[in-house]
Amino acid sequence: MSGRTIAEQIIGQHADSTVRADDVVIVRVDAAMATDTTAPFAIETFKEMGGRRVWNPERMVFVIDHAAPAPTEAIANLHVMMRTFARDTGSVLHEIGRGIGHQVMVENAHVRPSELVVGADSHTVIYGALNAFSSGVGSTDLAAVMLTGRTWMRVPRTIRVELLGDAPVGISPKDLTLAIVGQLGIDGATGRAIEYTGAAVRALSLDGRLTMASMAVETGAVAGLVDADGLTLPYAFNPTHAEAGAEYEQVITIDVRELTPQIALPHSPDSVVSITHAIGTRIDMAFIGTCTNGRLEDLRAAADVLRGQRIASHVRLIIAPASREVFAAGLRDGTVATLTDAGASFITPGCGPCVGTHLGVPGNGEVVISAANRNFQGRMGNPHANVYLASPATVAASALHGVITAANTGAHT
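Residues numbered from 1 in each chain as written. Predicted model: local features only at pLDDT ≥ 70, side-chain atom pairs only at ≥ 80, totals over all residues. Heavy atoms only, no water.

Quick look at the overall build of the chain
Basically, it comes down to this: Secondary structure elements are defined from DSSP: runs of H or I of at least 4 residues count as helices, runs of E of at least 2 residues count as strands, and each element is numbered from the N terminus. The globule rule used for comparison is 2.2 Å times the number of residues to the exponent 0.38, while the radius of gyration itself is calculated over C-alpha atoms. In what follows, a contact means two residues having at least one pair of non-hydrogen atoms within 4.5 Å. Here the accessible surface of atoms and residues is derived via Shrake-Rupley with a 1.4 Å probe, and residues count as covered only by protein chains that are part of the display. Charge assignment in this entry is limited to Lys and Arg as positive and Asp and Glu as negative, and neither His nor the chain termini are counted. Where a charge lies is defined by one atom per residue type: Lys uses NZ, Arg uses CZ, Asp uses CG and Glu uses CD.
Looking only at helices and strands, the chain has 14 helices and 18 strands in total. Computed over the C-alpha atoms, the radius of gyration of the chain is 20 Å, within 12% of the 22 Å expected from 2.2 N^0.38 for a compact globule of 413 residues. Considering only C-alpha atoms, the chain reaches an extent of 60 × 55 × 40 Å along its principal axes. Of the contacts made within the chain by residues no fewer than 6 positions apart, 75% connect residues no fewer than 24 positions apart. Accessible surface, the chain as shown: approximately 15,100 Å² in total, 49% of it carbon and sulfur. For the chain, the distance from the average site of its 30 positive side-chain charges to the average site of its 40 negative ones is 4 Å.

Some points on helix H14 (residues 392–401)
Applicable threshold: A simple rule labels every residue: compare its accessible area, found with a 1.4 Å probe on the protein chains alone, to the largest value its type can have, and call it buried under 20%, exposed over 50%, or partly exposed in between.
Within H14, 9 of the 10 residues are buried, leaving the element largely enclosed by the surrounding structure. Considered for burial, the residues of H14 that qualify are Pro 392, Ala 393, Thr 394, Val 395, Ala 396, Ala 397, Ser 398, Ala 399 and Leu 400. The inward-facing, buried residues of H14 contact strand S14 (285–288), helix H9 (290–293), helix H10 (296–306), strand S15 (316–319) and strand S17 (367–370). Positive phi shows up at Gly 402, right after H14, with a value of about 85 degrees.

A closer look at the nonpolar core
Here is the rule: Side-chain atoms within 4.5 Å link the members of a nonpolar core, which is a set of buried Ala, Val, Leu, Ile, Met, Phe, Trp, Tyr and Cys residues.
Counting 81 residues, the largest nonpolar core has Tyr 127, Leu 163, Leu 176, Tyr 196, Leu 317 and Ile 369 as the members making the most contacts within it. Setting aside anything within four residues of it in sequence, one finds Tyr 127 in contact with Met 33, Gly 101, His 102, Met 105, Val 106, Val 111, Val 117, Ala 132 and Ser 134. Within the second largest apolar cluster, 36 residues are counted, among which are Val 19, Val 54, Ala 86 and Val 145.

Brief notes about the pairing of strand S2 (residues 31–35)
Taken residue by residue, a regular strand's side chains alternate between the two faces of the sheet. To keep it simple, the criterion reads: DSSP-based pairing: two strands are paired if at least 2 bridges between them are found. Here the term right-handed applies to a crossover when the path leading from its first strand over the helix to its second strand runs clockwise, the strands being oriented away from the viewer.
Of all 5 residues in S2, 5 are buried; the element is thus mostly enclosed. Here S2 shows two buried faces, one formed by Ala 31, Met 33 and Thr 35 and the other by Ala 32 and Ala 34. In the sheet, S2 pairs with strand S5 (residues 116–119) via 3 bridges, with the strands oriented parallel. Within S5, the residue paired with Ala 31 across the bridge is Val 117. As defined by bridge partners, S2 adjoins strand S3 (residues 60–63) across 4 bridges and the pair is classed as parallel. Note on S3: the bridge partner recorded for Met 33 is Val 61. A crossover links S2 with its parallel partner S3, the connecting element being helix H2 (residues 39–48), and its sense is right-handed.

Considering the sheet that holds S5
The condition is simple: Helix axes use the C-alpha atoms of the stretch in contact, all axes being lines fitted to C-alpha atoms, and the angles between their N-to-C directions lie in the range 0 to 180 degrees.
The 5 strands are arranged S4-S3-S2-S5-S6 in an open sheet whose pairing can be described as parallel. The open sheet has two free edges, formed respectively by strand S4 (92–94) and strand S6 (133–136), since each of these has just one partner strand. The sheet shows a mean angle of 20 degrees between the axes of neighbouring strands, taken without regard to direction. In this structure, S5 lies alongside S6, joined through 4 bridges in parallel fashion. Across the sheet, residue Leu 116 finds its bridge partner in S6, namely Phe 133. Across the sheet, helix H3 (residues 73–89) is in contact with S2, S3 and S4; its angle to S3 comes to roughly 155 degrees.

Observations regarding a nonpolar patch on the surface
The test is simple: Residues qualify for a patch when their relative accessible area is over 30% and they have no salt bridge, like charges being joined within 9 Å and the nonpolar side chains of Val, Leu, Ile, Met, Phe, Trp and Tyr within 5 Å. Salt bridge criterion: a side-chain nitrogen from Lys or Arg within 4 Å of a carboxyl oxygen from Asp or Glu.
Taken together, the side chains of Val 24, Ile 26 and Trp 152 define a hydrophobic patch exposed on the protein surface, amounting to about 330 Å² of accessible area. If you trace the backbone, Trp 152 turns up in strand S7 (residues 150–154).

Brief notes about the domain arrangement of the chain
Here is the rule: Throughout the structure description, domain borders are defined by an automatic or database domain assignment. Here the quantity called buried area is the total loss of accessible area, with a 1.4 Å probe, experienced by two parts when brought into contact, counted for both. Here a polar contact is taken to be a pair of N or O atoms separated by no more than 3.5 Å, where protein atoms must pair a possible hydrogen donor with a possible acceptor and residues adjacent in sequence count only if both atoms sit in side chains. Residues are grouped as follows: Ala, Val, Leu, Ile, Met, Phe, Trp, Tyr, Cys and Pro are nonpolar; Asp, Glu, Lys and Arg are charged; all remaining types, including Gly, are polar.
Taken as a whole, the chain is organised into domain 1 (7–15 + 24–153), domain 2 (158–231 + 245–255) and domain 3 (262–401). Between domain 1 and domain 3, the C-alpha centre-to-centre distance is 27 Å. Contacts between the two partners involve 17 residues from domain 1, matched on the other side by 20 residues from domain 3. Between domain 1 and domain 3 the total buried area reaches about 1,600 Å² when both faces are included, carbon and sulfur atoms providing 57% of it. Looking at the side of domain 1 facing domain 3, the largest losses of area belong to His 66, Ile 100 and His 123, adding up to 33% of the total buried there. Inspection of the domain 1/domain 3 interface yields 0 salt bridges. Applying the counting criterion to the domain 1 and domain 3 interface returns 9 residue pairs in polar contact (both at pLDDT 80 or more). Its residues placed into classes, the side of domain 1 that touches domain 3 shows 7 nonpolar, 7 polar and 3 charged.

Quick word on the packing of helix H6 (residues 173–184) against helix H8 (residues 206–214)
Counted only if it meets this: With respect to orientation, any angle under 35 degrees is reported as roughly parallel, any angle over 145 as roughly antiparallel, any angle of 65 to 115 as roughly perpendicular, and every other angle as oblique. Less than a right angle of anticlockwise turn of the near helix away from the far helix marks a crossing as left-handed, whereas a clockwise turn marks it as right-handed.
As a packed pair, H6 and H8 sit with axes 9 Å apart at the nearest point and diverge in direction by 20 degrees. Compared by their axis directions, H6 and H8 come out roughly parallel. Considering the relative orientation of H6 and H8, their crossing is right-handed. Packed against H6, whose contacting residues are Pro 173, Lys 174, Leu 176, Thr 177 and Ile 180, the element H8 presents Gly 208, Thr 211 and Met 212 at the interface. When grouped by side-chain class, the residues that make up the contact of H6 with H8 number 4 nonpolar, 3 polar and 1 charged.

Description of the packing of H2 against helix H5 (residues 139–148)
In the contact formed by H2 and H5, the axes pass within 8 Å of each other and the chain directions differ by 55 degrees. Classified by the angle between their axes, H2 and H5 sit oblique to one another. Crossing hand, H2 versus H5: right-handed. For the pair formed by H2 and H5, the contact residues are Phe 41, Ala 42, Ile 43, Thr 45 and Phe 46 on the first element and Ser 139, Thr 140, Leu 142, Ala 143, Met 146 and Leu 147 on the second. Looking at the contact of H2 with H5 residue by residue, the classes come out as 8 nonpolar, 3 polar and no charged.

A word on the sheet that holds strand S11 (residues 250–255)
If you walk across this open sheet you meet the 4 strands as S10-S9-S8-S11, and the pairing is parallel. In the strand order of this sheet, the two ends are held by strand S10 (223–226) and S11, each with one partner. Here the strands of the sheet are splayed against their neighbours by 20 degrees on average, with no regard to which way each runs. Sitting on the sheet, helix H1 (residues 6–15) touches strand S8 (158–164), strand S9 (193–197) and S10, and the angle it makes with S10 is about 105 degrees. Against the sheet, H8 engages S8, S9 and S10, with an angle of about 150 degrees to S10.

See below:
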């Protein structure tokens, strides 16, 4: 019998059986997460199911991050619902300002390697960076998990993505990730798991791995599992590696040695081209943040570009740290001061501008360059704006010059 993929092994361990792609199984869930956009409906459904106690309060995590602080009375009352439910059930609640749910889950070890985790948010795939199987579910499915600690799952077929060679100097994890999304397309991995491997992947820090795994969903994938070789964490762990002879639906190889900075054109994350196709485009707003690129490594990359300089007078640069811990670390090492001196405006750690709830909605006709994960029309809150996706360094360089600029060369014309 052939070997098993990472997804088949982790799901099998949680189904207490040997499973293969396309099997439908019931699995034990190690942890679950919901945010203020999805938790209220899940809580209501949980109560309709007769639920009074969650299956494991220590592993049921709620995070107020999408509209934080609350921009309206209605949203404030949804936050009250979450606080009340968490208090009554003893569940974990991370309050306004603590950070983006996915970052908070990692920082607090709510998810660990080889675990199976679900979340009522599509970017739950991000925990694949930790060598965990994680996937987004709907609020109704989450309510059932809250009640039972179990869910059903179809074992996904796996696409293996191999990044060959060492990434050139100046090529960031976001550039690698955009190259993958551009090649697969927004539906190229629908319903599949992705395994990321290769020299360029194994060299990534945890921050870089989180960037890569977070955007697996932009290809339609239900999970994005990063090769555990080279992964370092502040605790001991037992990774899950693909077995010899594992069967893959597809193997994609990308030689990164000649890769240039990448950019996704409006209005799709897979409209990826070399930045040379967009250089010189005038911008109005620049944004660094999200679960994809709001970590310390990302802020430092932007600070390296902007140190001792000022952004263009017509540009506003908004930065949303992924968490309070990230912001505090940036304060301690001077990164926040460097960016602030350059003209950046820091906002509450959270998801606001990414999903277009508040704290950074662009105006009609404005052009935004963003380090986020999505640029669908209207994604940032205004369907009449144009959003480009790029690395934090490219975003910073573009803010500096007022037009889209290649960070590693400074080319902007």
